[in-house]
Amino acid sequence: MALSSSSDKYVLGMDLGTTSIKVVLVDTQSKKVTDSYTLPTKADSSNTVEHAKEQEPERIIDTVNQCIAALPRDKLRNVTKIGVSGQMHGVMFWKARTGCSWGRRDAVHVFWPRETSRLITWQDGRCSGNFLSSLPQPGSHLSVATGFGCATIFWHVRHRSEFLAEFTAAGTIHDYVVAMLCGLDKCLMSTQNAASWGYFNTSSHQWNLDILKDSGFPVHLLPDPVKSGCCAGLTCSEWHGIPSQTPVGVALGDFQCSVYSCMADRTSAVLNISTSAQLTFAMPDGFEPPATPDPYSPVSYFPYFDGTYLAVAASLNGGNVMATFVEMLTAWMKELGTDVDDDSALYSRLIKAALDQESSDLKVSPTIFGERHNTGCLGQVCNISASNISAGHVTRALCRGIMDNLASMLPPEALLQSGVKQIMGSGSALSRNEVLRQEAVRAFPLPVLFGKDVDSAVGAAMIMIDRS
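Values in this document were obtained by computation on a predicted structure and should not be read as measured data.

Rules and cut-offs
Residues numbered from 1 in each chain as written. Predicted model: local features only at pLDDT ≥ 70, side-chain atom pairs only at ≥ 80, totals over all residues. Heavy atoms only, no water. Pairing = 2+ DSSP bridges. Helix = DSSP H or I, 4+ residues; strand = E, 2+ residues; numbered from the N terminus. Contact = heavy atoms within 4.5 Å. Axes fitted to C-alpha atoms, helices over the stretch in contact; angles between N-to-C directions. Polar contact = N/O pair within 3.5 Å; in protein donor to acceptor, adjacent residues only side chain to side chain. Salt bridge = Lys/Arg side-chain N within 4 Å of Asp/Glu carboxyl O. Buried < 20%, exposed > 50% of the residue type's maximum accessible area, 1.4 Å probe, protein only. Patch = residues over 30% accessible without salt bridge, like charges linked within 9 Å, V, L, I, M, F, W, Y side chains within 5 Å. Areas by Shrake-Rupley, 256 points an atom, 1.4 Å probe, with all protein chains shown as cover. Phe/Tyr/Trp six-rings, centres within 6.5 Å; stacked < 30°, edge-to-face > 60°. Lys NZ or Arg CZ within 6 Å of the ring centre and 35° of its normal. Parallel < 35°, antiparallel > 145°, perpendicular 65-115°, else oblique. Left-handed = near helix turned anticlockwise from the far one by under 90°. Nonpolar A, V, L, I, M, F, W, Y, C, P; charged D, E, K, R; others polar.

**Q** It is not clear to me how the sheet that holds strand β24 (residues 422–426) should be interpreted in this structure. Could you clarify?
**A** Ordered by their spatial adjacency, six strands build an open sheet running β20-β21-β19-β18-β24-β25, and the pairing between neighbours is mixed. The sheet is open, and its two borders are formed by β20 (299–303) and β25 (448–449), each paired with just one other strand. Strands in contact with helix α12 (residues 391–409) are β18 (268–273), β19 (277–282), β20 and β21 (309–315); relative to β21, the strand with the most contacts, it is inclined by about 140 degrees.

Structure below.
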């Protein structure tokens, strides 16, 4: 590989996902990705609390460091900006002035977490329907669901208030990374991430402070909301060779960054399937969402950039459904005395079997994780016969069910009526699963385009080039 010229400049883009970390270097002139690296975090922590879903920040940050260390050192020295995105809704806590330690590890300068909580992810299920109904109505167009930051904090107020007393700041995992990189005393949060927590008014750009205070919510933990796409600060130290005083963008939603990386224009919709799944298109300029949320609507309006909104069908059931299916088969085989050493090999065999099975009359409703607009809607399998229970049939029906579920939330007719002319496919689950891609083409009567390098890390970098 040729060394970069001293005149070449790059933006580092990072995406902190639920299952993996990805980093990219984007050339500031050509806007092309020159280098990228990704690793699984393997950060899930065991927990005795029922329905809890938590991860270890130390493992996440260690994975970030491994990914960046894999990028060319000469290019890192020429990074001029850093863009950060990550999984929305989740929350972690830390002590503002002592949330990390800086030092040298493996010949580079890095930071590592100190005096933090675990990350409580968007998949956390502690907030039951009864618990959520006991919370005050938000002054927002977005409903509050389990796994949302403010709902999770409310749960801790009522069940573990002493735990919250240990900390002075809160944010998403990517908010935390930005705060540590910039040495911020107060966490800054983009309007995108704030909206994902609940109890945030996207029109006034303010938290529902009066509503929260009246309900005993620890409002001192709330981050300061800032405009999505702005600069959060400058790096307080050299980091992996990236110079000190390098501008860092405020952490953004992974979904919005993914859309930004691939939405060609307003006639394009974006289909993203990673751990979860989303189908979205841009609303016209001047659109204002309803004043109050409709908890039963499958479509929400997420803040994008410059006061605009995305219409989003955000499903909780995407690549995680296929992952659960593989885990189930692996567990069955282990119970039957046959261990599977490589889940990825099993995944590939299932995809091949489904490709050989072009259609199936087996019907799978894959909503095993429920949906935010219908929490009681769980998975079902029907129309089972002796002739459609092969691995190919089941995998084909499962992939079709994932896509049909999305199409039921945001029907193709609604896309056509909104002027959408094509769909851009993105996301790790879609990129590695040809069957899902086939089912996307079948489900939507529009051109569905695949193959472009579209992801949140790229979007985070592009935003720093275009907007900061």
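**Q** Hey, could you run me through the pairing of strand β7 (residues 100–105) in this one?
**A** Each regular strand shows side chains that alternate between the opposite faces of the sheet. Note: β7 against strand β8 (residues 108–113), six bridges, orientation antiparallel. Across the sheet, the residue bridging to Arg105 is Val108, located in β8. Remark: two residues form the turn of the hairpin made by β7 and β8, two consecutive strands paired antiparallel; Asp106 in that turn has positive phi of roughly 55 degrees.

**Q** I keep staring at the environment of Asn388 and nothing clicks. Help me out?
**A** Along the chain, Asn388 falls in the loop between β23 (380–382) and α12. Here the alpha-carbon distance between Asn388 and His51, two residues 337 residues apart in the chain, equals 34 Å. The residues contacting Asn388, other than those within four sequence positions of it, are Ser360, Asp361, Leu362, Asn383, His393 and Val394. There is a polar contact of 3.0 Å between the side chain of Asn388 and the side chain of Asp361. A distance of 2.9 Å separates the side chain of Asn388 from the backbone nitrogen of Ser385, its partner in a polar contact.

**Q** What's the story with the pattern of salt bridges in this structure? I'm lost.
**A** Scanning the model with the defined rule gives 16 salt bridges in all. Among the salt bridges present, the one from Asp44 reaches Lys53, with a minimum N-O distance of 3.7 Å. With a relative accessible area of 44%, Asp44 lands in the partly exposed category. Relative accessible area serves as the criterion here: at 29%, Lys53 is assigned to the partly exposed category. Ionic contacts of the salt-bridge type, sharing partners, join the residues Glu54, Glu56, Arg118, Asp124 and Arg126 into one network.

**Q** What is the right way to look at a nonpolar patch on the surface in this model?
**A** Residues Val381, Ile384 and Ile389 make up a contiguous nonpolar surface patch of roughly 300 Å² in combined accessible area. Note on placement: Val381 falls in strand β23.

**Q** Can you help me understand the packing of aromatic side chains in this one?
**A** In this description, a pair of aromatic rings is defined by centroid distance and the angle of the planes. For the coordinates displayed, the defined rule picks out 16 aromatic pairs. On the basis of an interplanar angle of 25 degrees and a centroid distance of 6.0 Å, the ring pair of Phe93 and Phe167 is categorised as stacked. One end of the pair, Phe93, is in strand β6 (residues 92–94); the other, Phe167, is in the loop between α5 (161–164) and β10 (169–171), with 74 residues separating them in the sequence. An identical accessibility class is assigned to Phe93 and Phe167; each is buried. Geometrically, the ring pair formed by Tyr260 and Phe305 is edge-to-face, given 5.6 Å between the ring centres and 70 degrees between the ring planes. Of this pair, Tyr260 sits in helix α9 (residues 254–262) while Phe305 sits in the loop between β20 and β21, placing them 45 residues apart in sequence. For Tyr260, a relative accessible area of 18% translates into the label buried. Ring-pair connections join several aromatic residues into one group, and the members of that group are Trp94, Trp102, Phe111, Tyr176 and Trp239. It is Arg105 that lies over the ring of Trp112; its NZ or CZ is 3.9 Å from the centre. The residue whose ring lies beneath Arg126 is Trp155, and the NZ or CZ to ring-centre distance is 4.9 Å.

**Q** It is not clear to me how the environment of Ser274 should be interpreted in this structure. Could you clarify?
**A** The residue Ser274 is located in the loop between β18 and β19 in this model. Residue classification places Ser274 among the partly exposed residues on the basis of a relative accessible area of 23%. Residues Ser274 and Gly307, spaced 33 residues apart in sequence, show a C-alpha to C-alpha distance of 26 Å. If we ignore the near neighbours within four places in the chain, the residues touching Ser274 are Gly318, Gly319, Asn320, Gly427, Ser428 and Ala429.

**Q** Would you explain the packing of helix α10 (residues 319–335) against helix α11 (residues 343–356) in this entry?
**A** Two quantities define a packed helix pair, namely the angle between the helix axes and the distance between the axes. Where α10 meets α11, the closest approach of the two axes is 10 Å, and the angle between their N-to-C directions is 110 degrees. Of the possible angle classes, the one that applies to α10 and α11 is roughly perpendicular. You can see that α10 and α11 cross each other, and the crossing is right-handed. Side by side, α10 and α11 meet where Met322, Phe325, Val326, Leu329, Thr330 and Met333 of the first sit next to Asp343, Leu346, Tyr347, Leu350 and Ile351 of the second. Taken together, the residues that form the contact of α10 with α11 break down as nine nonpolar, one polar and one charged.

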